[in-house]
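Listed below, chain by chain, are the residues.
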Amino acid sequence: MCLNITYRPMTAKKKDESPKAPVKKAAEKVEEEPKKKVKTPELLRGFRDILPEDQGRWNMVRDGIRNIAEAYTFDRIDMPILERTDLFHKTVGKATDIVEKEMYTFTDPSNRSVSLRPEATASAARAYINHGMLDRPQPVKLWYIGQMFRHDRPQAGRYRQFNQAGFESFGVHEPIVDAQLIVLGVQIFKDLGLDVKVDINSIGTPECRQAYLAELVAYFRQHRSKLSDEDKKRLQKNPLRLLDSKDDVTKELLDGAPQILDWLDEKSKEHFMKVLEFLEEVEIPFTLNPYLVRGLDYYSHTVFEFLLLDDKGEKSQNALGGGGRYDGLVELLGGREETPACGFALGIERIVRALSDRGIDPPQRPQPQVFFAQLGDAARRVGLNLYESFRQANIPVAEAFGKNALKAQLEAADKLNVQLTLILGQKEVLDGTIIIRDMESGAQEIVDVKKVVQIVEKKLRREEGVDPVTQSPVVEK
């Protein structure tokens, strides 16, 4: 097939044929469109970051709790954050605010209803049963610390993701267990420098509580028109929660309401009186609060809260933790009948906030006494091993591995106010030496890199007034 192509040379356009729009020169740069700024995702409401500068008080609280747990022979347990939803329906109670409004519940890929734990006592009881702890010597004493989740209204010291530490004792009925847990909690606050007072009550057994609830409901029905919508729901679904209502009208009505202590059976009264006697014996300050019930269905007998005292020694409304006895919980979850249990939990965020409000600071991290400066990758490689050698000798060392210029590193050392700076360059690496620079006098000496830890240790001890040979204080003549 033959194609006939005719070539026609281009002819210049006449002036009137030139385009109206100016033609851009090839050398001209085409304007770039501005880059769209990526919007940084924001934190979910009710959630927070705990920044490095805040970690000191958090570590102070964590360490204080762990020290007390070990002193009282509690064993640590870590439980999953995600549990089957029915665990909390059975234990916390379907009519509670937690289950009705606050739980983070969803269906997982296996089509199971699961929930982020709103509290950990139910999980501890489940673990006690799952792992056959019923057959171990009793009591089984467990403690934990971790995150909980409730879709509650965020406010000061209350978040939707929050941290709790808890202590649980399974397998012993004796009132001394209730008292010891309260003593343990008070001691944690005492060690942290916080003054608390204990509010305490007894809500008896489920049986005697039923008779009391009938009287309580009859009383509040007479005043139903005065109740808030929220308390009207409580009257219908969970009347015991009326006792800890925050509504001012309901609080006034409580003055004439029947008190649960008047409805306790003899066994419950005896148990409660022994708890109070133990607390008096060890001089733990407490207040009998007939309206204290706690917000969960599994409680029985003793219930208590730790309330922060203000600067005047007066009890505030700021509860830093609380708990009580829950003798029916293990049986409710399919465990052995009549397995007794008692425990409490502490709100870490609230404790940290209380420490901050009172200006209680954590112990300072040891300041570095030595700075390591390097020049080049070969020096960095030696420096990594050397840094570890100083750490094992318990000598705090600072470094700036990310900086290259020696001047910048020495400026960093000066800002840290260290006594000595170690300088390692290419020549020193080849010679197996290192330079020790006294930052106050500027004097330098070259030493064997293998002996530098021992040499530095002696210099620091001499600076501190300790004889490096006898380890005794140096006496000036």
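Scroll up for the structure.
Residues numbered from 1 in each chain as written. Predicted model: local features only at pLDDT ≥ 70, side-chain atom pairs only at ≥ 80, totals over all residues. Heavy atoms only, no water.

Focus: the overall build of the chain
Each helix and strand in the chain was counted, giving 15 helices and 16 strands. In the chain, which comprises 477 residues, the proportion classed as buried is 44%. Partitioning the contacts of the chain with sequence separation of at least 6, the portion at a separation of at least 24 is 70%. (Helix = DSSP H or I, 4+ residues; strand = E, 2+ residues; numbered from the N terminus. Buried < 20%, exposed > 50% of the residue type's maximum accessible area, 1.4 Å probe, protein only. Contact = heavy atoms within 4.5 Å.)

What about the sheet that holds strand β3 (residues 105-107)?
Adjacent strands of a sheet pair through backbone hydrogen bonds, lying either parallel or antiparallel. Strands sit in the order β2-β4-β3 across an open sheet of three strands; the sheet is antiparallel. Each edge of the open sheet carries a strand with a single partner, namely β2 (82-84) and β3. The average undirected angle you get between the axes of adjacent strands in this sheet is 35°. Taken together, the three bridges between β3 and strand β4 (residues 113-116) define a ladder with antiparallel strand orientation. (Pairing = 2+ DSSP bridges. Axes fitted to C-alpha atoms, helices over the stretch in contact; angles between N-to-C directions.)

Quick notes on the environment of G146
Mapped onto the secondary structure, G146 falls in strand β5 (residues 140-149). Overall, the relative accessible area of 13% leaves G146 in the buried class. In this structure G146 touches R117, F162, N163 and Q164, once residues within four positions along its chain are discounted.

Thoughts on helix α4 (residues 121-130)
Within α4, nine of the 10 residues are buried, which leaves it mostly tucked inside the rest of the structure. Listing the buried residues of α4 in full gives T121, A122, S123, A124, A125, R126, A127, Y128 and I129. On its buried face, α4 is in contact with β2, α2 (85-91), β5, β6 (161-170) and α10 (329-332).

Some points on helix α12 (residues 377-392)
Within an α-helix, residues lying three or four positions from one another point in the same direction, as the helix has 3.6 residues per turn. With 16 residues, α12 extends 23 Å between its outermost C-alpha atoms, agreeing within 8% with the 22 Å of an ideal straight helix rising 1.5 Å per residue. At G383, α12 shows its strongest bend, of approximately 25°. Among the structural elements, β12 (370-374), β13 (397-399), β14 (420-424), α14 (426-431), β15 (433-438) and α15 (452-463) are those in contact with the buried residues of α12. Looking one or two residues past α12, N394 carries a phi angle of roughly 60°, positive in sign. (Expected span 1.5 Å × (residues − 1). Bend = angle between axes of the 7 residues up to and from the residue.)

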